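Examination of the molecular architecture
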2 protein chains.
Amino acid sequence: MTGIDEVARATGVSTATVSRALRGLPNVSETTRAAVRRAADELGYVASSSASGLASGRTLAMGVVVPSVSRWFYTSVLEGVDAELRSASYDMILFNLGGHRGDRERVFHRSILRKRTDALLALCLDFTADERHQLASIAHPTIVVGGPVKGLRSVGIDEKGTARTATEHLIQLGHCDIAHLGGEDEEGLNKQVPIGRLHGFQAAMRDAGLPVRPEWIIPGGFSLPESRAAMNALLDRAGPRPTAVFAGSDEMAMGAILAAYDHGLRVPDDLSVIGIDNHDFAESFGLTTMAQDPFDQGAVAARILLDELGGAEPRTRSVRMPASLIVRSSTAAPAAVPALA
Amino acid sequence: MTGIDEVARATGVSTATVSRALRGLPNVSETTRAAVRRAADELGYVASSSASGLASGRTLAMGVVVPSVSRWFYTSVLEGVDAELRSASYDMILFNLGGHRGDRERVFHRSILRKRTDALLALCLDFTADERHQLASIAHPTIVVGGPVKGLRSVGIDEKGTARTATEHLIQLGHCDIAHLGGEDEEGLNKQVPIGRLHGFQAAMRDAGLPVRPEWIIPGGFSLPESRAAMNALLDRAGPRPTAVFAGSDEMAMGAILAAYDHGLRVPDDLSVIGIDNHDFAESFGLTTMAQDPFDQGAVAARILLDELGGAEPRTRSVRMPASLIVRSSTAAPAAVPALA
DNA sequence: TTGAAAGCGATACCAA
DNA sequence: TTGGTATCGCTTTCAA
């Protein structure tokens, strides 16, 4: 592998100058810089990340911690983070918790402390006191996407407000019997997200003077199959059925739609369904939803970290990103009751 | 940040011994090792990856190149790779090409040469001659998942054979008018995958003496929305309609199912649909499919690289992984024609 | 604008 | 089994 001294030799300058020239630092004559660049290209020289990391104290890599990589929201954020890192020539080190409980330790103890990364971006995680302490002690810029998280700034939508708007959409259409498909999330993930959505639902119902039936608040695990099963179970029960469902995510909403089909119900005629996300499949399903843009959220979060690594003043406040209603064909006024709007 | 010499001082041994003790190398008395471990824990010491990388020449990180992170197959492979890396205490550096054309250069020139990684695992990529040369010149263990790729070993299913089996399933049910929803992939991705599947389809049709109508071979871009649109276009056309569709992936198959619904067709009564993958949603869609296990494929590929990094003999041959038919409710005999089976 | 030389924090060889 | 020390390849003062 070509080393810096070979480039220096080829150019007739010192290694110090080569280093400066290649990194675009000032105080290098343009002629020298050009010569160095050419030589480096010809020799195929690229600085070793270990060596420069050791010498400079910066790895030019960002750690990204994800709960899993198989959910639309996470991968979309990842794409956004990636786009931003790319533009800054930063590499991404991906820590996938993927249900492996004990693995958090790997991230917090081994990797961060190993100085493999310059900063850390976490998705939808909740941190233990110990972990938060760990993070603080390293003076590593850190941020969370899909918050909020106690003691850390985050980037994300207003969970409660978004859920409220979704629910109000159904109420305005004239629905009174509304179920909520919620996302009971796994241990260690940020429970504030599903909880915020539940609270928004309850608040909207309360404000409209509508009853919230406990048995109509069912867990969908943020997944289509689980939601479909849960919704089917609800529809199987004797007694009155809801005329609408507010699902805490589009994937769950799709599960609800399929469950409606399973029961021979038409959407939106017999059952209205609204979700949150604007998932890639939402349009295909004709799904009315509260659209958010996780790509953007990831990009914004990454940009904040990069700016701070670049010397910018740390921003302490969280960033609230927008969410907006997109009406498609999965919601309509209930069959018997005329719309109020 | 705690350094190795602080641990050495605290323990009363040399840094050399600390290094050996912590890495589990032989020739360290158990008493010493225990003492060192304890001191390291107390001080919160973890070796700097830059420093050890520089000194040892190994980064304990693997580069993983993905075309994008928003397709089920890729993320599933990623989970498998991750599981294997985790067990070996390797970190994952994720290079997401994500449609950013020029970005391949980043991977092949900057990152690999920068020695940020010890090995490289690529998903469904096709390499240019230059890139292949680049890879070879670094003596970096490399492998591809979702091949085959000229000049590189790969891990993947028998594309053609799998497609043939899928098509034969439809033929055995009595279908003669079969369309193929194919995956015209993007530039730079491995075209062998969609091409292999197309060839398998054609071969099965030919062997059965069935005609292949060019206008019934339509591109679905490996995506649900695109496939739904393409399928809708096909169903819109005047003239005879196919009674069955072989989709090159489950996501495309789902698009076909939704298109059938768009046209008021019932599945499987009016249209049978089969896919490839056994996607997370396949069961919910009642989709008959050729199941493959990308998680496993990723794990196997990662294991091969890790073994070689551990000193194992390089394996030169590609690995063929299994795929098997799962019959669900999206396929049945055509309405008019009785099943042959 | 450039060069010389001192680290950065581990690893690995050679002695002991 | 352990310690001393050269070394990995670059960055970064400090001088020139």
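In the block above lies the structure referred to throughout.
What comes next concerns the included structure.

Parameters at a glance
- Here the residue numbers are simple positions, counted from 1 along each chain's written sequence.
- Here the convention is simple: chains get letters from A, ligands get numbers from 1, in the order in which they are written.
- With pLDDT at 70 or above as the cut-off, local features in this predicted model cover only qualifying residues; side-chain atom pairs require 80 or more to be listed or tallied, and sums for whole chains, interfaces and linings still use all residues.
- To obtain the side-chain values, all non-hydrogen atoms of the structure were included, while hydrogens and water were left out.
- When two rings of Phe, Tyr or Trp (its six-membered ring) have centres within 6.5 Å they constitute a pair, described as stacked for plane angles under 30 degrees, edge-to-face for angles over 60, and tilted for the intermediate range.
- Comment: the charge-over-ring label is applied if NZ (Lys) or CZ (Arg) is within 6 Å of the ring centre and within 35 degrees of the ring normal.
- Contact criterion: two residues are considered in contact whenever any of their non-hydrogen atoms come within 4.5 Å of each other.
- Once two parts are brought into contact, the accessible area they lose, counted with a 1.4 Å probe and summed over both, makes up the buried area.
- By salt bridge we mean one thing: a side-chain nitrogen of Lys or Arg within 4 Å of a carboxyl oxygen of Asp or Glu.
- Pairs of N or O atoms are called polar contacts if they sit within 3.5 Å, as long as, within protein, a hydrogen donor faces a hydrogen acceptor (for residues adjacent in sequence, only side-chain-to-side-chain pairs).
- A helix here means a DSSP run of H or I that spans at least four residues, while a strand means a run of E at least two residues long, and both kinds are numbered starting from the N terminus.
- Under the scheme applied, nonpolar residues are Ala, Val, Leu, Ile, Met, Phe, Trp, Tyr, Cys and Pro; charged residues are Asp, Glu, Lys and Arg; polar residues are all the others, including Gly.
- Here a strand pair is declared whenever DSSP counts at least two bridges between the two strands.
- Every axis in this analysis is a line fitted to C-alpha atoms, fitted for helices over the stretch in contact. Angles between the N-to-C directions lie between 0 and 180 degrees.
- Being near a molecule or strand, for a residue, means having at least one of its heavy atoms within 4 Å of it.
- Only protein chains enter the accessibility calculation, which uses a 1.4 Å probe. A residue is then buried if its area is under 20% of the maximum for its type, exposed if over 50%, and partly exposed in between.

Right, let's talk about the packing of aromatic side chains for a bit. By the definition in use, this model includes 7 aromatic pairs over all chains. Between Arg213(A) and the ring centre of Trp216(A), over which it is positioned, the NZ or CZ distance is 4.4 Å.

Opposite the 53 residues of chain B that make contact, chain A presents 53 residues. Summing both sides of the interface, chain B and chain A together bury roughly 4,800 Å²; the carbon and sulfur share of this comes to 54%. If you sort the residues of chain B by the area they bury against chain A, Arg86(B), Arg114(B) and Arg116(B) come out on top, with a joint share of 14%. For the pair chain B and chain A, the number of links is 2 salt bridges. The residue Asp91(B) makes a salt bridge to Arg116(A) at a minimum N-O spacing of 2.7 Å. Here chain B and chain A share 14 residue pairs in polar contact (both at pLDDT 80 or more) between them. Those elements that place two or more of their residues in the side of chain B that touches chain A are helix H4 (49–56), helix H5 (72–87), strand S2 (91–96), helix H6 (103–113), helix H10 (224–236) and helix H11 (250–262) of chain B. When its residues are assigned to classes, the side of chain B that touches chain A shows 22 nonpolar, 17 polar and 14 charged. Strand direction decides the pairing type here: strand S2 (residues 91–96) of chain A and S2(B), joined by 3 bridges, are antiparallel. The partner of Ile93(A) across the bridge, within S2(B), is Ile93(B).

What follows is about the sheet that holds strand S8 (residues 244–247) of chain A. Residues and elements named next belong to chain A. Reading across from one edge, S7-S6-S8-S9-S10-S12 is the order of the 6 strands in this open sheet, with mixed pairing throughout. Both edges of this open sheet fall to strand S7 (217–219) and strand S12 (323–326), since each of them pairs with a single strand only. Taking each pair of neighbouring strands and ignoring which way they run, the sheet shows an average axis angle of 20°. Contacts from helix H10 (residues 224–236) reach strand S6 (178–182), S7 and S8, with the element oriented near 145° to S7.

Surveying the vicinity of DNA strand C reveals 26 residues, the closest of which are Ser14(A), Thr32(A), Ile4(B), Ser19(B) and Ala55(B). Of everything in DNA strand C that lies within 4 Å of the protein, sugar and phosphate atoms constitute 68%. In the environment of DNA strand C, a base oxygen lies 3.5 Å from a nitrogen or oxygen atom belonging to the backbone of Ala55(A). For DNA strand C, a phosphate oxygen lies 3.3 Å from a polar atom in the backbone of Ser48(B). Mapped onto the surface near DNA strand C, the elements with two or more residues apiece are helix H2 (15–22) and helix H4 (49–56) of chain A together with helix H2 (15–23) and H4 of chain B.

The step from Val267(A) to Pro268(A) runs through a cis peptide bond, and the omega angle for that step is 10°. As for its placement among the helices and strands, Pro268(A) is situated in the loop between helix H11 (250–262) and strand S9 (272–277). In this model, Leu60(B) sits at a positive phi of 60°, which is unusual for a non-glycine residue. Note that Leu60(B) resides in the loop between H4 and strand S1 (61–66). Residue Phe222(B) is not a glycine yet carries a positive backbone phi of 60°. Positionally, Phe222(B) belongs in the loop between strand S7 (217–219) and H10.

Our focus in this paragraph is the protein's contact with DNA strand D. Residues in contact with DNA strand D amount to 25 residues; listed here are only the nearest, Ile4(A), Ser19(A), Ser14(B), Thr17(B) and Thr32(B). Within 4 Å of the protein, the contacting atoms of DNA strand D are 70% sugar and phosphate, with bases supplying the remainder. Residue Ser14(B) places a main-chain N or O atom 2.8 Å away from a phosphate oxygen belonging to DNA strand D. One nitrogen or oxygen atom from the side chain of Thr17(B) is found 2.8 Å from a phosphate oxygen belonging to DNA strand D. Looking at the surface near DNA strand D, the element that brings in the most residues is H4(A), giving 4 residues. Classifying every residue of the surface near DNA strand D gives 11 nonpolar, 11 polar and 3 charged.

The final tally for this structure, using the stated rule, is 28 salt bridges over all chains. Note that Asp82(A) and Arg86(A) form a salt bridge whose closest N and O atoms lie 2.5 Å from each other. One end of the pair is Asp82(A) and the other is Arg86(A), both in helix H5 (residues 72–87) and 4 residues apart, which spans about a single turn. Assessed through its relative accessible area of 2%, Asp82(A) is described here as buried. In this structure, Asp158(B) and Arg320(B) form a salt bridge, with 3.8 Å as the shortest nitrogen-oxygen distance.

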